[in-house]
Amino acid sequence: MSVGDPVAPEDLPHPPRPPALSPRTAYRRAADRLISEQRPDGCWEGEMVWNTMTLSQYVIVCAVTGNPPRQHEREAMIRHYRATVTGKGGWGPHSESSHPSLYCTVLASVALRLLGVSADDPLCRGAAEWMRTLPGGPRAVPTWGKFWLALAGLYDYRGVNPVPPEMFLLPRWVPLHPNRFYCHTRSVYQAMAYLYGARFQADLGPLGAQLRHELFGSDTLPRERRCAGTDIHRPAGPLLRAVNAMLSGYELRPAPLLRRRALNRCLRRVEHEQLVTGELGLSPVNALLNVLVLHAARPGSAAVARALGAQAYWRWTDEAEGTRYAGARSQTWDTGFAVEALLAGQAGREPEPAAADAVRRAAAFLRGAQVTEEIPQPTVTARSPALGGWCFSEGGHRWPVSDCTAEALAALAHAARAVPGAGGLPDENLRHAVRFLLERQNRDGGFGTYERRRGGRWLEALNPSEMFSDCMVEGSYVECTASALTAFAALPAHALGPLSSAVDRSRRRAVAFLLRRQEADGSWPAAWGVNRIYGTWFAVRGLRAAGLPAGHPRLRRAAGWLRAVQRADGGWGEHHRGCTENRYAEHVRSQPVSTAWSLLALLDTGGPKDPVVVRGVDWLCRAQRPDGTWEQTSVNGVFFGTGLLDYRLYARYFPLWALGRWLDAREAS
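Residues numbered from 1 in each chain as written. Predicted model: local features only at pLDDT ≥ 70, side-chain atom pairs only at ≥ 80, totals over all residues. Heavy atoms only, no water.

S.K.: When you look at the nonpolar core in this model, what are you seeing that I'm missing?
M.R.: In summary, soluble globular proteins display a tendency toward joint burial of nonpolar side chains. One finds Trp148, Trp333, Tyr653 and Phe654 to be the most contacted residues of the largest nonpolar core, which totals 200 residues. It is helix H25 (residues 650-668) that provides the largest number of residues to this core, a total of ten residues. Those residues in contact with Tyr653, other than ones at most four positions away along the chain, are Leu34, Trp333, Asp334, Phe337, Ala338 and Ala341. Membership of the second largest hydrophobic core comes to six residues, among which are Phe181, Leu240, Leu459 and Met472. (Core = buried A, V, L, I, M, F, W, Y, C linked by side-chain atoms within 4.5 Å. Buried < 20%, exposed > 50% of the residue type's maximum accessible area, 1.4 Å probe, protein only. Helix = DSSP H or I, 4+ residues; strand = E, 2+ residues; numbered from the N terminus. Contact = heavy atoms within 4.5 Å.)

S.K.: What is the right way to read the pairing of strand S2 (residues 315-318) from this model?
M.R.: Two faces belong to every sheet, and in a regular strand the side chains alternate between them. One ladder, built from four bridges, connects S2 with strand S3 (residues 322-325); its direction is antiparallel. Directly across from Asp318, in S3, lies its bridge partner Gly322. Between S2 and S3, which pair antiparallel one after the other, the connecting turn spans three residues. (Pairing = 2+ DSSP bridges.)

S.K.: How do you make sense of the pattern of salt bridges when you look at a structure like this?
M.R.: Once their charged atoms are close, side chains differing in charge can pair, the charge on each being opposite to the other. Applying the stated rule across the entire model yields 37 salt bridges. Across the pair Arg39 and Glu45 runs a salt bridge whose closest N-O atoms are separated by 2.8 Å. For Glu45, a relative accessible area of 8% translates into the label buried. Note that Asp504 is salt-bridged to Arg507, the shortest N-O span being 2.9 Å. Of the two residues, Asp504 and Arg507 both sit in helix H19 (residues 500-517), three residues apart, roughly one turn of that helix. The class of Asp504 is partly exposed, set by a relative accessible area of 35%. The network of salt bridges with common partners includes Glu47, Asp318, Glu321, Arg324, Asp646 and Arg648. (Salt bridge = Lys/Arg side-chain N within 4 Å of Asp/Glu carboxyl O.)

S.K.: Just checking my understanding: could you explain the sheet that holds strand S1 (residues 48-49) for this structure?
M.R.: Within a sheet, neighbouring strands are paired by backbone hydrogen bonds and run either parallel or antiparallel to one another. Sheet architecture is open: three strands sit in the order S1-S5-S4, paired in antiparallel fashion. The two strands at the open ends of the sheet, each matched to only one other strand, are S1 and strand S4 (637-639). As paired strands, S1 and strand S5 (residues 643-647) are joined by two bridges and run antiparallel to one another. Counted as the bridge partner of Val49 is Asp646 from S5.

S.K.: When you look at a nonpolar patch on the surface in this model, what are you seeing that I'm missing?
M.R.: A cluster of nonpolar side chains, Leu170, Leu176, Leu239 and Trp458, forms an exposed patch at the surface whose accessible area comes to about 340 Å². Locating Leu170 in the fold gives a position in the loop between helix H6 (143-151) and helix H7 (183-197). (Patch = residues over 30% accessible without salt bridge, like charges linked within 9 Å, V, L, I, M, F, W, Y side chains within 5 Å. Areas by Shrake-Rupley, 256 points an atom, 1.4 Å probe, with all protein chains shown as cover.)

S.K.: Help me out: how do you make sense of the environment of Gly388 in this one?
M.R.: Secondary-structure assignment places Gly388 in the loop between helix H14 (353-369) and helix H15 (402-418). In this structure the C-alpha to C-alpha distance between Gly388 and Asp646, which are 258 residues apart in sequence, comes to 29 Å. Setting aside its immediate chain neighbours within four residues, Gly388 contacts Gln370, Val371, Thr405, His432, Ala433 and Phe436.

S.K.: Just checking my understanding: could you explain helix H21 (residues 553-564) for this structure?
M.R.: Side chains that are three or four residues apart share a direction in an α-helix, a result of its 3.6 residues per turn. Compared with an ideal rise of 1.5 Å per residue, which puts twelve residues at 16 Å, H21 spans 16 Å between its outermost C-alpha atoms and is within 8% of the ideal. Every buried residue belonging to H21 is among Leu555, Ala558, Ala559, Trp561 and Leu562, and all of these are buried. Along the axis of H21, the buried residues cluster in a sector spanning 160°; they form a single face. Turned more than 90 degrees off the buried face of H21, the exposed positions are Pro553, Arg556 and Ala564. Residues of H21 that are buried in the fold lie against helix H20 (532-545) and helix H23 (592-603). (Expected span 1.5 Å × (residues − 1). Arc of directions from axis to C-beta.)

S.K.: Quick question: what am I supposed to make of the packing of aromatic side chains here?
M.R.: We describe a pair of aromatic rings using the distance from one ring centre to the other and the angle between the two ring planes. Under the definition given, this model contains 38 aromatic pairs. The interplanar angle of 45° and the centroid separation of 6.4 Å between the aromatic rings of Trp50 and Phe468 together place this pair among those described as tilted. In this pair, Trp50 sits in the loop between S1 and helix H2 (53-65) while Phe468 sits in the loop between helix H16 (427-438) and helix H17 (478-490), placing the two residues 418 residues apart along the sequence. Overall, the relative accessible area of 12% leaves Trp50 in the buried class. Taken together, Trp333, Phe337, Phe392, Tyr534, Trp537, Phe538, Trp597, Tyr647, Tyr650, Tyr653, Phe654 and Trp657 form an aromatic cluster joined through their ring pairs. Across from the ring centre of Tyr196, 4.1 Å away, lies the NZ or CZ of Arg199, which sits over that ring. The cationic tip of Arg329 hangs over the ring face of Tyr313; the distance from NZ or CZ to the ring centre is 5.2 Å. (Phe/Tyr/Trp six-rings, centres within 6.5 Å; stacked < 30°, edge-to-face > 60°. Lys NZ or Arg CZ within 6 Å of the ring centre and 35° of its normal.)

S.K.: Explain the packing of H14 against H15 here, please?
M.R.: At their nearest, the axes of H14 and H15 sit 10 Å apart, and the two run at 140° to each other. The pairing of H14 with H15 is recorded here as oblique in orientation. Where H14 crosses over H15, the two elements pack in a sense that is left-handed. Judged by residue contacts, Val359, Ala363, Leu366 and Arg367 of H14 engage Ala408, Ala411, Leu412 and Ala415 from H15. Of the residues belonging to the contact of H14 with H15, the class tally is seven nonpolar, no polar and one charged. (Axes fitted to C-alpha atoms, helices over the stretch in contact; angles between N-to-C directions. Parallel < 35°, antiparallel > 145°, perpendicular 65-115°, else oblique. Left-handed = near helix turned anticlockwise from the far one by under 90°. Nonpolar A, V, L, I, M, F, W, Y, C, P; charged D, E, K, R; others polar.)

S.K.: Looking at this model, I keep getting lost on the environment of Ala487. Mind explaining?
M.R.: As for its placement among the helices and strands, Ala487 is situated in helix H17. Ala487 sits in the buried class, given a relative accessible area of 0%. Note: C-alpha distance between Ala487 and Val434 (53 residues apart in sequence) is 8.9 Å. Beyond its immediate sequence surroundings of up to four residues, Ala487 is in contact with Ala406, Leu409, Ala410 and Leu437.

This is the structure:
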């Protein structure tokens, strides 16, 4: 090879593989590390990383409402933009993306200027140069970006696809009524409809004129509806285009009395959402829009200040990455799995004192996080019963979810059996939780997340987001269904009382649903994780909990698929592109979380001496760092098909759980 020739990967020197720790040593290191990260209130929580969208929207809302961040806050926010900019000059749709998103980049460009960053700063200049390479430039931002630009006085509402508030005046039986939409979608759209119907538009003063010129090269407000291919995942189909054309015609002369009634209806819904969620909203995505609705209706009111101040709940700040806003808080979710991981590896014995104490504190947290009061006036925003459920978070916003409820129930039941003093739930609370779960089961036997499905799948044809899929109606999800089966199996039968027969029927229908959803290759699709490995682990775990034997043909098929996708180094790694392509896609590197999910599923279908399992355990032991952690180099979560997330605590407890399960199985064999 001559000097200057490209070096092929096989010609590169391979670093020596570290000697493998014993699985017991690796388990103890990981357990010690996890225990050290437990919070004073007993929970665990890792950041759920998405992108800069919510931070940018927060900055815009602060500017529009006249509440600019303080100097140190501005510096921390700018630091986050510097830490996350891609090499091409914009900001990506997720933490692993090297290619910018026009949506994220347009919003970030506006936010940076509002934070006081000069247009000549490399951050702003690089973003502007990248946007100019796209056909249409910033004018081609997806419709949600156009909407935010219109709110900031930078785009003409005539270039925004209609969001008429009159939809909320339709009779509730109409298939198009927004109450039939998925809860995140209807919560966002009730606020968007108010702002669109009122044509709310802020005046950013001289900076607004500068921004219009920097983005569009003109002082006039653009009104184009084209969208960049870089961001489009679900382009508008014929039905949505026809609906938009019809509504655009109505928007030329909306009926004044009808418009006022519709605006009042939307405002009432927003105020109710603020009231019942403690000003937090379902997520910051709709909560920030709620702040603007309150500002548009009553500028300068105390309600606006309260709503904006509450958004600190979603904030993460550190020196390395600055200030950003997460799309959700994950205390219950992380804590339930952390408990399961600490209980593994004990072979039926009481955990060691440090682990036992951590489990007791976690159990106390979980008991306190249950929703124990019903939502007042739930019909205002079409809320399903919340009593007895657990939220993804610590419960502050009172939007409980089926799988979070199931995992909390299972963790509490397992902790009560394994750790003296951990305590379970009172029977009444347990039955409230079971009723909550049963209320989320759909007709097909699968479980939704926040609610049962309310509308037909045909409503997905009206998906106006362009960037996401499967966001119009609730679904039936492999993960939620499997978690419910796991919880039902963990509960003491005597505590169910009159609910026993309903649980038995629910279990049979859920098993049938999971068996129907298995793919021909033996895997299961997932909606909330990456992707086929995640879905397969949940399905196998749920079916085993429901009583299917390890040798069941469907479970053998799943095990065969997992064996087939094991990588040459003994680990497993799945790439996120499979989420959008609806298939399994191998990652170029084995990942600790994918490996852990695979091992947990294989240990449910076979023994610890299986060479495939032994190689996976060996990979985890070799990949563990001296501090007891693993390096996860790929996103591991997803929502709505394209919303890719990095759950940072997954690489703490899932590998620990897999090692513990293997140690238990080895001792029992």
